[in-house]
Amino acid sequence: MTKEDGILAPEGSDSRRLWAAASFTRRQLLLGAGGLGAAAALAACSPGGTSTSPTGGASGTPKRGGNFRVGVIGGGSKDIFDGQNFVVFPDAPRLMTAFETLLTRDENFRLSNDGLAESVVADTPTQYTIKLRQGVQFHNGKTMTADDVIYSLQRIGGDKTLRGHTATATWDITGITKTDDYTVRLPLKTADSTVPDTLAAYYFGIVPVDYKAFSGDPSTQIGTGPYKLKSFTPGQESVHERNPNYWREGQPYFDTVTITDFSDATAQVNALLAGQIDAATDLPAAQVSAVQASGKQVLESQTGWWVGLSMATTMAPFDDNRVREAFRLIVDRQSMLDQVASGKGQIGNDVYGRYDAAYFAKLPQRQRDIEKAKSLLKDAGKENLTVDLYTADLTDGMVSMATVFARQAKDAGVTVNVKTLPSDKFYSDEYYLKVPFSSVYWAGRPYLDQVKLSGLSNSLYPETQWAKSDKGPEFEKLYNQALETTDEAQRTEVQHKMQQLEYDNGGYIIPYFPSKFDGHTPTLQGLTQAKTTLGLNNYGYGFRTIWLA
Amino acid sequence: MTWFRHGGIPAFILRRVLLGILVLALVSVLVFVATQALGDPAKALLGRDATPERLAALRQELNLDVSPFEQYLNWAGGLLQGSLGDSLTSQKPVAELLSGRLINSGVLVLCAALVAIPLSIAVGSWAALRREKLVDTISSNLMLVFASLPDFVVAVLLVIFFSTTVFHVLPAISPVPPGQLPWNNPAILVLPTLTLVMTVVPYIARNMRVSMIEVLESDFVEMARLKGLSERIVLVRHALPNAIGPAFQSIALSLAYLAGGIVVVEYAFNYPGIGGALQDAVANHDVPVVQALAMLIAAVYVVVNLMADVATILVTPRLRTRL
């Protein structure tokens, strides 16, 4: 029922389902409120600010102390606390306070050796050696060693309910050994050059031997992270206090961090405006101006996150590539971005993995071409085509993108009936992966990681049925080749070939990559315009790179 | 048996209590049937990991492998023994999960009632006294406006006015930190209470006004005035007690409405009460929690109506003597 997603658990929107009808009006009303706010701000000559350019704060001197209060949308009784798992949206920042990964991603979405491992090296395509950082202590004072890392990796490999489990399919879990206290050898069953990517995913946290998920006692949540868990009430809030023995010099800066669940974006924004929280992550684009008008700042980030449309390449009418190409040519990308996301984002080219180093930016930008679309449809014998497009209010802009597409398709003589489903229906056996044309969204992730999830014959979420299309076998061969290639440049070349195939024949329409917005008080410093996966610069990389001035 | 039918007020209360229990029993059937429509909880819990073996194992664990009739008996039996079962999502007893939230919601409803009831009686009576004068016209129209605004609109307007845009004097959201009680920080209760007050006052006040007007026009009030009693005595001693009887019914309905309508207000203010729990439980197919809350809200309706009927009888001598 739930689509796994690196950053997003659809449950977040699931719990909002009940309120879909009411929240529409509420949102409308808030737009009005925004206008009122703007007027009031003007009257008061208050300087509403935007920090779309890096906030001056990044250059300031960090200041210690304070309780940082952040409001996160989603969550409920399903909230968990586990160093290697997440279910709903607020689980991610919570996890990051206490647990750290072997590798990390820097602000340009490049892998970095800044984590708990000093290096992760492929000895052969089927064996990796992990060298650990020395002198890192867990919250209880125990030193992190190879044993803890082996336990951590085996825990994910052995537990199907953990989000990272599928990524370990190529690993020889039982064969992981230590060569000394700070060196781990990870053998693979088949070649997999994405191991470093996997180890940098935030839900691959390193936990001590015999670690168990939270079940009532905060003191059991022992990690190496910058904060220790003080209290946690699912569906409400968690409090985290500074880890005095943290291994990075000087960090973190806050005394405590309080993470609060919000079920309603309006309440979240109100709390920010009234000063009851210091930051509100993942603002709907429509609320950005209201937040700015009231003197708070908005951080706009490009993250590779995307919302799009999926055409199943094995189902009529999309089993004919001419129809798929026609649909991709129908889209007026800029106009859609303007209408759906207030023009905030980067134009897309139907290929994902936007901030992966291997993103094929040289592919010619696909432009709207109604004449060509019409002639392609005519050639395919699909003039005056009528299709149903299934969508759900799972993330900001998902439903409106579908309706805008329907409008744009009219110009090519195509009738698109938008069917909006409740989110659990959308992911039910009845619809998900069963309908030819539907909305999709994914978090920004490395290209091959996304391929693994949705582009292969053994993928969990084969939305476009790409692997079963006539180009599927060729694509999968290239994928395996990429896994066997540890040389960066060669691997990039293979990935470009894969993207070319998807660009020419694939089933996704990716009109744009929307910006993500976080609202925060002007006193919050240290934020940069990072291309990180999660809001607020990956929550300040676990709330350690940001501070309150 | 004769006592049961003609036993005066005690017998009347007993009859109504028994009737209330019967109503709750019927409601329990409806709630049970309705929650079956949420779908198979086992399937919802397992999601896409639902293999037939795991489904069967979970169904057995949740006692879903018996007939619906037996399931109902198990559940209703548990209710009678005071056991609400375990939540499906968190595996904890429902009572333990909801107790804190129940207190929070109860406090909110109580605050709203304590403000709304005297206020609406006063406003209604005052409008009746100044009938068709400026005060009455203004208050009647104002009441009509408030009555037509949905509660979440009222909430948004109040927040804009008091918290975020015009003034910055009150908290915009009302968090109650776990383990604390709502009155530890009374400021957070103001706007939710005000929202609830503004949604129920128009209804009660308008009823109060009508019944007060009726009483003020009746012969006994005329008589009291002719006797030369002061207007104050006429109002407080003679008019008010007679006018308030019919108002009790609207107060009861309003209180019952508060118990359910609080869902929206809690949502708007991120207040951790039963409303949030109900929303969450429905979204997660957490059947035991939905059932417990539905029964609870039904019980509030029954109890409040019972109290209103008794109160009406007590303040209305002509009804009392008929029993």
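Residues numbered from 1 in each chain as written. Chains lettered and ligands numbered in written order. Predicted model: local features only at pLDDT ≥ 70, side-chain atom pairs only at ≥ 80, totals over all residues.

Details of the overall build of chain B
Using the following cut-off: Strands are runs of DSSP state E lasting at least two residues, helices are runs of H or I lasting at least four, and both sets are numbered from the N terminus onward. The burial criterion counts other C-beta atoms lying within 10 Å of a residue's C-beta, which is placed from the backbone; the residue is buried at 20 or more, exposed at 12 or fewer, and partly exposed between these limits. Think of it this way: build a C-beta for each residue from its backbone, and any pair within 7 Å is a contact.
In terms of helices and strands, chain B carries 14 helices and zero strands. Overall, chain B shows an N-to-C arrangement of helices and strands of α-α-α-α-α-α-α-α-α-α-α-α-α-α. The principal-axis extents of the C-alpha atoms in chain B amount to approximately 85 × 65 × 30 Å. In chain B, which comprises 323 residues, the proportion classed as buried is 38%. Partitioning the contacts of chain B with sequence separation of at least 6, the portion at a separation of at least 24 is 71%.

Side note on the overall build of chain A
Of regular secondary structure, chain A possesses 16 helices and 21 strands. Put simply, chain A has 549 residues, and 56% of those count as buried. The contacts in chain A between residues at least 6 apart in sequence include a share of 70% that link residues at least 24 apart.

Description of helix H8 (residues 151–164) of chain B
To keep things clear, this is the line we draw: Expected span of a helix, by definition, is 1.5 Å for each gap between consecutive residues, and there is one gap fewer than residues.
Relative to the 20 Å expected for 14 residues at 1.5 Å per residue, H8 of chain B spans 18 Å between its end C-alpha atoms, a close match to the ideal helical length. Among the residues of H8 of chain B, Phe-152, Val-154, Ala-155, Val-156, Leu-158, Val-159, Ile-160, Ser-163 and Thr-164 of chain B are the ones counted as buried.

What to know about unusual backbone geometry
With an omega of -10 degrees, the peptide bond between Gln-251 of chain A and Pro-252 of chain A qualifies as cis. Along the chain, Pro-252 of chain A turns up in the loop between strand E9 (237–242) and strand E10 (256–262). Positive phi is not limited to glycine here, since Tyr-541 of chain A has a value of about 45 degrees. In this fold, Tyr-541 of chain A is placed in helix H16 (residues 535–543). You can call Tyr-541 of chain A buried: it has 27 C-beta atoms within 10 Å. Positioned with a positive phi, Glu-132 of chain B is a non-glycine residue whose angle comes to about 60 degrees. Note that Glu-132 of chain B resides in the loop between helix H6 (94–129) and helix H7 (134–148).

A word on the sheet that holds strand E12 (residues 297–301) of chain A
Residue and element names in this part refer to chain A. As a reminder of what qualifies: Any two strands with at least two DSSP bridges between them are considered paired. Here an axis means a line fitted to C-alpha atoms, over the contact stretch when the element is a helix, while the angle between two N-to-C directions is reported on a 0 to 180 degree scale.
Spatially, E8-E9-E10-E1-E11-E19-E12 is the arrangement adopted by the seven strands of the open sheet, whose pairing is mixed. One side of each edge strand has no neighbouring strand; the edge strands of this open sheet are strand E8 (227–233) and E12. Strands in contact with helix H3 (residues 91–98) are strand E1 (67–73), E8, E9 and E10; relative to E8, the strand with the most contacts, it is inclined by about 145 degrees. Those strands touched by helix H6 (residues 265–273) are E1, E10, strand E11 (279–280) and strand E19 (516–520), and its axis lies near 160 degrees from that of E1.

Some words on the pairing of strand E17 (residues 437–442) of chain A
All names here are of chain A. With respect to burial, E17 is a largely interior element, six of its six residues being buried. Neither face of E17 is left uncovered, since the one carrying Phe-437, Ser-439 and Tyr-441 and the one carrying Ser-438, Val-440 and Trp-442 both have all their residues buried. Relative to E17, strand E13 (residues 306–311) is paired through six bridges, and the arrangement is antiparallel. What sits directly across from Ser-310, in E17, is Ser-438.

Some words on the nonpolar core
Quick note on the threshold: Among buried residues, those of type Ala, Val, Leu, Ile, Met, Phe, Trp, Tyr and Cys that are joined through C-beta atoms within 7 Å form a set called a nonpolar core.
If you look at the biggest cluster of nonpolar residues, it comprises 156 residues, and the most contacted ones within it are Ile-130 of chain A together with Ala-155 and Leu-293 of chain B. Sorting elements by how many residues they give to this core places helix H11 (residues 231–268) of chain B first, with 17 residues. When near neighbours in sequence (up to four residues on either side) are disregarded, Ile-130 of chain A contacts Leu-102, Ala-117, Val-120, Val-149, Val-184 and Leu-186 of chain A. One finds Phe-109, Tyr-359, Met-398 and Val-404 of chain A within the second-largest nonpolar core, a separate group that totals 61 residues.

Description of helix H9 (residues 187–216) of chain B
Rule in force here: What we call the bend at a residue is the angle made by axes fitted to the seven residues finishing there and the seven residues starting there.
Along its length, H9 of chain B shows its largest kink, about 35 degrees, at Val-201 of chain B, and proline Pro-202 of chain B lies within four residues downstream of that point. Among the 30 residues in H9 of chain B, 24 count as buried, and that is most of the element.

A few points about the packing of helix H14 (residues 472–484) of chain A against helix H15 (residues 488–505) of chain A
Residue and element names in this part refer to chain A. Which entries qualify depends on this criterion: The cut-offs work like this: below 35 degrees is roughly parallel, past 145 is roughly antiparallel, 65 to 115 is roughly perpendicular, and the gaps in between are oblique. Crossings are classed by handedness, with left-handed meaning an anticlockwise turn of the near helix from the far one by less than a right angle and right-handed meaning a clockwise turn. Polarity classes work like this: nonpolar for Ala, Val, Leu, Ile, Met, Phe, Trp, Tyr, Cys and Pro, charged for Asp, Glu, Lys and Arg, and polar for all others, with Gly in that last group.
Interaxial distance between H14 and H15 falls to 9 Å at its minimum, and their mutual angle equals 160 degrees. Accordingly, the angle class assigned to the pair H14 and H15 is roughly antiparallel. Crossing geometry of H14 relative to H15 is assigned as left-handed. Between H14, through Glu-474, Phe-475, Leu-478, Tyr-479, Gln-481 and Ala-482, and H15, the contact on the second element is made entirely by Arg-491, Val-494, Gln-495, Lys-497, Met-498 and Leu-501. Looking at the contact of H14 with H15, its residues break down into seven nonpolar, two polar and three charged.

Some details on the confidence of the model for chain B
Just so we agree on the cut-off: The pLDDT value tells you how sure the predictor is about a given residue, anywhere from 0 up to 100.
Confidence in the prediction for chain B averages 84 pLDDT; 95% of positions are at 70 or higher. Per the prediction output, this complex has pTM 0.84; the corresponding ipTM is 0.80.

Topic: the environment of Ile-188 of chain B
Residue and element names in this part refer to chain B. Within the secondary structure, Ile-188 is located in helix H9. By C-beta crowding, Ile-188 is classed as buried, having 23 other C-beta atoms within 10 Å. Among all residues touching Ile-188, those that are not within four sequence positions of it are Pro-171, Ser-174 and Pro-182.

What to know about the packing of H6 of chain B against helix H12 (residues 274–283) of chain B
All names here are of chain B. Here H6 crosses H12 at 130 degrees, and the two axes come no closer than 8 Å. Between H6 and H12, the angle is such that the two are oblique. Where H6 abuts H12, its residues Leu-98, Arg-101, Leu-102 and Ser-105 lie against Ile-274, Gly-275 and Ala-277. Per-class residue counts for the contact of H6 with H12 are four nonpolar, two polar and one charged.

Comments concerning the sheet that holds strand E6 (residues 177–180) of chain A
The strands making up a sheet associate through hydrogen bonds between their backbones, and the pairing can be parallel or antiparallel. Residues and elements named next belong to chain A. Spatial ordering of the open sheet is given by E4-E5-E7-E6, a layout of four strands whose pairing is antiparallel. Lying at the two open borders of the sheet, with one neighbouring strand each, are strand E4 (117–124) and E6. Each strand axis lies, on average, 25 degrees off the axis of its neighbour in the sheet, ignoring direction. Seen against the sheet, helix H4 (residues 146–158) touches strand E5 (127–132), E6 and strand E7 (183–187) and runs at an angle of roughly 25 degrees to E7.

Quick notes on the environment of Gly-507 of chain A
Residues and elements named next belong to chain A. Take Gly-507: it is sitting in the loop between H15 and strand E18 (508–514). For Gly-507, a count of 30 C-beta atoms within 10 Å gives the class buried. The sequence separation of Gly-507 and Asp-379 amounts to 128 residues, and the corresponding C-alpha distance is 19 Å. If we ignore the near neighbours within four places in the chain, the residues touching Gly-507 are Ser-310, Met-311, Ala-312, Thr-313, Phe-318, Arg-324, Thr-464 and Trp-466.

Topic: the pairing of E10 of chain A
All names here are of chain A. Burial within E10 is extensive, with six of its seven residues counted as buried. For E1 and E10, the ladder comprises seven bridges, and the chain directions are parallel. Bridging across to E10, Gly-71 finds its partner in Thr-260. Examined bridge by bridge, E9 and E10 share five bridges and lie antiparallel to one another. Bridged to His-240 within E10 is Val-257.

A look at the confidence of the model for chain A
Mean pLDDT over chain A: 86, with 89% of residues reaching 70 or higher. Confidence drops under pLDDT 50 across residues 1–58 of chain A; counting only partners more than four residues distant or on other chains, this segment forms 129 contacts.

Describing the environment of Val-234 of chain B
All names here are of chain B. Secondary-structure assignment places Val-234 in helix H11. Look at Val-234 and you get partly exposed, because 19 C-beta atoms sit within 10 Å. In this structure the C-alpha to C-alpha distance between Val-234 and Met-223, which are 11 residues apart in sequence, comes to 9.6 Å. Not counting residues within four places of it along the chain, the set of residues in contact with Val-234 comprises Val-221, Ala-224, Arg-225, Leu-229 and Ala-239.

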